[in-house]
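Here is how the chains run, residue by residue.
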Amino acid sequence: MTASPHAFAHSGIRRVAATNSGLGVPVVRSWSSSVVNEMASIRHQGVGGGSRVSGVHWALLVILCWASATALSATARWTQSSGARGNNVTDEVDVRRILLDFRTSVTGVDCDVGNTSKADDRCRCFSDGWSNATSVCDWTGVSCGTRGGRQEVAVVNLSFPGCRLAGMLPESLTQLQTLRTLWLSGNNLTGILPSSWGAMRSLEGLYLSRNQISGSIPPSWLCLTSLRRLFIMRNRLNGTLPSWGKYAAADWIPEVNQTLADLCDLERNETVSYSFTAIRLADNDISDTLPDSWASSNVSAGLTEVNLGHNRIEGPLPRAWSGMRSLQDVYLDNNDLSSTLPASWSMIASLRRLFLYDNNLSGTLPIEWGDNGQLPRLTWLYLQGNNFSGALPASW
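What this report covers is the structure whose coordinates are included nearby. (Residues numbered from 1 in each chain as written. Predicted model: local features only at pLDDT ≥ 70, side-chain atom pairs only at ≥ 80, totals over all residues. Heavy atoms only, no water.)

Quick notes on the sheet that holds strand β11 (residues 287–289)
Put simply, the rule is: Any two strands between which DSSP finds at least two bridges are classified as paired. The helix count covers DSSP runs of H or I at least four residues long, the strand count covers runs of E at least two residues long, and both are numbered beginning at the N terminus.
The 3 strands lie next to each other as β11-β13-β15, forming an open sheet whose pairing is parallel. A strand with exactly one partner marks an edge of an open sheet, and here the two such strands are β11 and β15 (336–337). Strand direction decides the pairing type here: β11 and strand β13 (residues 312–315), joined by 3 bridges, are parallel. Bridging across to β13, aspartate 288 finds its partner in isoleucine 313.

Describing the packing of aromatic side chains
Test applied: Here is the rule: rings of Phe, Tyr and Trp (six-membered ring for Trp) pair when centre to centre is within 6.5 Å. Planes less than 30 degrees apart are stacked, more than 60 are edge-to-face, and the remainder are tilted. Each residue's exposure class comes from its accessible area (1.4 Å probe, protein chains only) as a fraction of the maximum for that residue type: buried when under 20%, exposed when over 50%, partly exposed otherwise.
This model, assessed by the stated rule, comprises 19 aromatic pairs. Where tyrosine 274 meets phenylalanine 276, the ring centres are 6.0 Å apart and the plane angle is 15°; that geometry is what we call stacked. The pair formed by tyrosine 274 and phenylalanine 276 is uniform in burial state, with each residue classed as buried. Ring geometry for tyrosine 331 against phenylalanine 355: centres 4.8 Å apart, planes inclined by 75°, an arrangement best described as edge-to-face. With a gap of 24 residues between them, tyrosine 331 in strand β14 (residues 329–331) and phenylalanine 355 in strand β16 (residues 353–355) connect regions that are remote in the sequence. One exposure class covers both tyrosine 331 and phenylalanine 355, and it is buried. A network of ring pairs unites the aromatic residues Trp244, Tyr274, Phe276, Trp294, Trp321 and Trp345 as a single cluster.

Points about helix α3 (residues 92–107)
Applied cut-off: In this analysis, the expected span of each helix is defined as 1.5 Å times one less than the number of residues it contains. This arc is taken over the directions from the axis of the helix to the C-beta atoms. Polar contact criterion, stated in full: a pair of N or O atoms within 3.5 Å, where within protein one must be able to donate a hydrogen and the other to accept it, and residues adjacent in sequence count only if both atoms are side-chain atoms.
Its 16 residues give α3 an end-to-end C-alpha distance of 22 Å, which sits within 8% of 22 Å, the value for a rise of 1.5 Å per residue. Within α3 the residues assigned to the buried category are Glu92, Val95, Arg96, Ile98, Leu99, Phe102, Arg103, Val106 and Thr107. Along the axis of α3, the buried positions cluster into a sector of 165°, meaning they face one direction only. Between a side-chain oxygen at the N-terminus of α3 and the backbone nitrogen of valine 93 the separation is 3.1 Å; the capping residue is aspartate 91. Count one or two residues on from α3 and you reach glycine 108, which has phi positive near 75°.

Brief notes about the environment of phenylalanine 388
The condition that has to hold: Working rule for contacts: check all heavy atoms of both residues, and any pair within 4.5 Å makes them a contact.
Its location among the elements puts phenylalanine 388 in strand β19 (residues 387–388). Given a relative accessible area of 13%, phenylalanine 388 falls into the buried group. Spatially, the C-alpha atoms of phenylalanine 388 and serine 362 are 4.4 Å apart, while their sequence positions differ by 26 residues. In this structure phenylalanine 388 touches Leu341, Leu361, Ser362, Gly363, Leu365 and Leu383, once residues within four positions along its chain are discounted.

A look at the sheet that holds strand β18 (residues 380–382)
How we decide: For every element, the axis is a line fit to its C-alpha atoms; helices are fit only across the contacting stretch, and the angle between N-to-C directions ranges from 0 to 180 degrees.
A sheet is described by the order of its strands in space; here 10 strands give the open sequence β1-β2-β3-β4-β6-β10-β12-β14-β16-β18, paired in mixed fashion. Where the open sheet ends on each side, the last strands, each with one partner, are β1 (142–144) and β18. Averaged over neighbouring strand pairs, the angle between their axes works out to 10° when direction is ignored. Both β16 and β18 contribute to a ladder of 3 bridges, which runs parallel. From the neighbouring strand, arginine 353 faces β18, where its bridge partner is tryptophan 380.

Observations regarding the environment of tyrosine 247
By the secondary structure assignment, tyrosine 247 is in the loop between β7 (236–237) and β8 (252–253). Its relative accessible area of 11% is what places tyrosine 247 among the buried residues. Residues tyrosine 247 and alanine 261, spaced 14 residues apart in sequence, show a C-alpha to C-alpha distance of 9.7 Å. Aside from chain neighbours lying at most four places away, what touches tyrosine 247 is Leu222, Trp252, Ile253, Pro254, Glu255 and Leu260.

Quick notes on the layout of surface pockets
The following threshold applies: We place a 1 Å grid over just the protein atoms. Points where a 1.4 Å probe fits but has no way out form a cavity, open points with protein on both sides within 12 Å along at least 5 of 7 lines form a pocket, and any residue with an atom within 4 Å of a point lines it. Grid points are joined across faces, edges and corners, and a volume is the space filled by probe spheres set on the points.
Each pocket or cavity is described by its volume, and for the largest pocket that value is around 340 Å³. For the largest pocket, the lining is made up of 19 residues, of which Thr240, Leu241, Pro242, Ser243 and Glu255 are closest to its centre.

Here we look at the pattern of salt bridges
For side chains of opposite charge, pairing can occur when their charged atoms come near one another. Formally: Each reported salt bridge corresponds to a side-chain nitrogen of Lys or Arg within 4 Å of a carboxyl oxygen of Asp or Glu.
One pass over the structure, following the stated rule, counts 9 salt bridges. Arginine 280 is paired through a salt bridge with glutamate 305; the nearest N and O atoms lie 2.7 Å apart. On the criterion of sequence distance, the pair formed by arginine 280 in strand β10 (residues 278–280) and glutamate 305 in strand β12 (residues 305–307) is long-range, its members being 25 residues apart. Residue classification places arginine 280 among the buried residues on the basis of a relative accessible area of 9%. On the accessibility criterion, glutamate 305 (7% relative accessible area) is buried. Across the pair arginine 312 and aspartate 285 runs a salt bridge whose closest N-O atoms are separated by 2.9 Å. Residue arginine 312 is located in strand β13, and its partner aspartate 285 is located in the loop between β10 and β11; the two are separated by 27 residues in the primary sequence. With relative accessibility at 36%, the residue aspartate 285 sits in the partly exposed group.

Digging into the state of the cysteines
Rule in force here: Throughout, disulfides are identified as pairs of cysteine sulfur atoms within 2.5 Å of each other.
A complete count under the given rule lists 4 disulfides for this structure. The partner cysteine of cysteine 137 in its disulfide is cysteine 144, sulfur to sulfur 2.2 Å. Where cysteine 137 bonds to cysteine 144 through sulfur, the torsion about that S-S bond is close to -95°, and the disulfide is left-handed. Residue classification places cysteine 137 among the buried positions, given a relative accessible area of 15%. Each sulfur in the disulfide pair cysteine 223 and cysteine 264 lies 1.9 Å from the other. Taking the torsion about the S-S bond as the criterion, the cysteine 223 to cysteine 264 disulfide, at about -80°, is left-handed. Of the two residues, cysteine 223 sits in the loop between β5 (214–215) and β6 (229–231) while cysteine 264 sits in helix α5 (residues 260–264), which places them 41 residues apart along the sequence.

Brief notes about the nonpolar core
How we decide: In this description, a nonpolar core means a group of buried Ala, Val, Leu, Ile, Met, Phe, Trp, Tyr and Cys residues linked to one another through side-chain atoms lying within 4.5 Å.
In this structure, Leu158 and Phe160 are the most contacted members of the largest nonpolar core, which totals 87 residues. Mapped by element, the contributors of at least two residues to this core are α3, β2 (155–159) and α5. By residue number, the principal contributor to this core is α3, which donates 5 residues. Dropping the residues within four chain positions of it, leucine 158 is found in contact with Leu99, Phe102, Gly141, Val142, Leu173, Leu179, Thr181, Leu182 and Trp183. Tyr331, Tyr357, Trp380 and Tyr382 belong to the second largest nonpolar core, which has 5 residues in total.

As structure tokens, this is what we get:
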């Protein structure tokens, strides 16, 4: 008996229409040039100028140079840290400037000039309250948290979905270190994902679906450890999947030629844990294999959804993913996945939806998926458009 190429049904698994229903929307060490020049000058005089430098004086000079180098190293590291962590801006005058720069960048026009259909169309979501007469916390689409003082603001949310925006994502948002949610879905934004956004350590929700954003996800985004929901579906992303969970803080990252600790301004013995609950990168042009590292406990502890459908993901389904005990919904349809269905996935007891249709999977259906009450919550299973063979297991 040959297994049907369509969705299979057993007790607890039912067939529904084959659609993605339920989808939502390095340290610099340097010598002080003036001290080094003075040291060289004195040493030169001692050798050929008849003037001599005592051993004590020479030792003092070396100490002076060492102290200068240490100070410069600390300064360099502070500067680097500012780059990795971002310069938090809370003064309202500066926040106003950053938000106006954001508006210009995402609209691609000067909204204060207006008088053109293009400006009026793209600026309509910024028309209410965006003026010098009101606090930025009262501007449309801007939400603030607790103020640290009369002239301090903490912007926690920027929300401009479906606003017909057609500009680019600005680097300057990195300075808003209190930002937790950025919602720009359903626009026509172009350009690439800013590498500097890897310094937005408070960011929890990033919603950029249904735009025209291209390029790859920057390696610096490995530093976004507070990010819970990453939604960048239906864009033009390419490149590979981020290697979350692959590197410890002291590990060397070839793509950036530095350790994760240096990239993210961490201590080398610091534990790196992520906060993901949902990753949605469907409908792009990402080409990669499914990362084993996503199954590590410091990535998958709270991860309930992975949506990578309609990309160019290839290779096998990772057996390591059987350890993702919080995983509920997996959408991997319309890719180039191959090999067989891992019997070990029967251990993902929380799994509810598994979309694997239109791939190159083959082999027989694993008996383990239906044995002894395995996969008790699985109610949506799509396998059509693959190359399975054999009989439908009786346990199903």
